Amino acid sequence: MKSLVRAVVFTVLALLAGVAGAQDLKMEQQPRVARVLDRQLLTSKGQRVRFLADIVAPQPVLLSFTFTGCVQLCPPSDIVMDMLAERLAEAGRKDIRLVTLTLDPLTDTPQVLHGKRAEAMHADRLFLTGRPNDVWAVLDGLGVQPGPNQDHEIQFLLIDAGGRKVTAFLGLPDPEALFGAVSAAR
């Protein structure tokens, strides 16, 4: 039954992505030259964390991006992350951290991010924001364009423990294909 629900949800995602003018559903995977910076950020619950030392160094991270004013591309991306969180939980995989970073720290305070995104999502996911200059520095280091752009690229970044290797997944991926790629991470 769960696989049927996943198939229906993914079909809806595909339709939403098509309506939004998103990339096609073929997941493109490519290495990315990136600098994982150790800036102080805030969780959606207001806890201070260091991006590299606290989030990336201990274990691999799958990073997605959102902003609370996004109505086209972020919701499908969030659903993929939630489906992946559920799949990882079913497999007993606690060694991969699922993190979502805002593209719009000017609007997305911890309270706004929590109320409009994190509260409704899978409990195993971590949502991050922070001072604009810190968030923008992290995004820049990762090669991600900041700002509340409704036509932003859907992308997920798989960062290995320690932040030495970054792999980009571009487009709206099939959650099972993304699960396979993430499961191989170390």
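Let me begin by describing the structure that accompanies this report. If you're wondering where the values come from, they're calculated on a predicted model, not measured in any experiment.

**Considering the pairing of strand 5 (residues 97–102)**
- Of all six residues in strand 5, five are buried; the element is thus mostly enclosed.
- Two elements, strand 4 (residues 61–66) and strand 5, share six bridges in a ladder whose sense is parallel. Each residue of the ladder has a partner; that of Phe65, found in strand 5, is Leu101.
- What joins strand 4 to strand 5 is helix 3 (residues 74–90), and the crossover it makes is right-handed.
- Alignment of strand 5 against strand 6 (residues 125–129), held across four bridges, turns out to be parallel. Residue Val99 lies in a different strand from strand 6, and its bridge partner there is Leu126.
- In this fold, strand 5 hands off to helix 4 (residues 110–116), which returns the chain to strand 6; that crossover is right-handed.

**Focus: the side chain of Ser183**
- Residue position: Ser183 is located in helix 6 (residues 175–183).
- Those residues in contact with Ser183 that sit more than four places away from it in its chain are Arg93 and Ile96.

Analysis parameters
Residues numbered from 1 in each chain as written. Predicted model: local features only at pLDDT ≥ 70, side-chain atom pairs only at ≥ 80, totals over all residues. Heavy atoms only, no water. Buried < 20%, exposed > 50% of the residue type's maximum accessible area, 1.4 Å probe, protein only. Helix = DSSP H or I, 4+ residues; strand = E, 2+ residues; numbered from the N terminus. Pairing = 2+ DSSP bridges. Right-handed = clockwise from strand over helix to strand, strands pointing away. Contact = heavy atoms within 4.5 Å.

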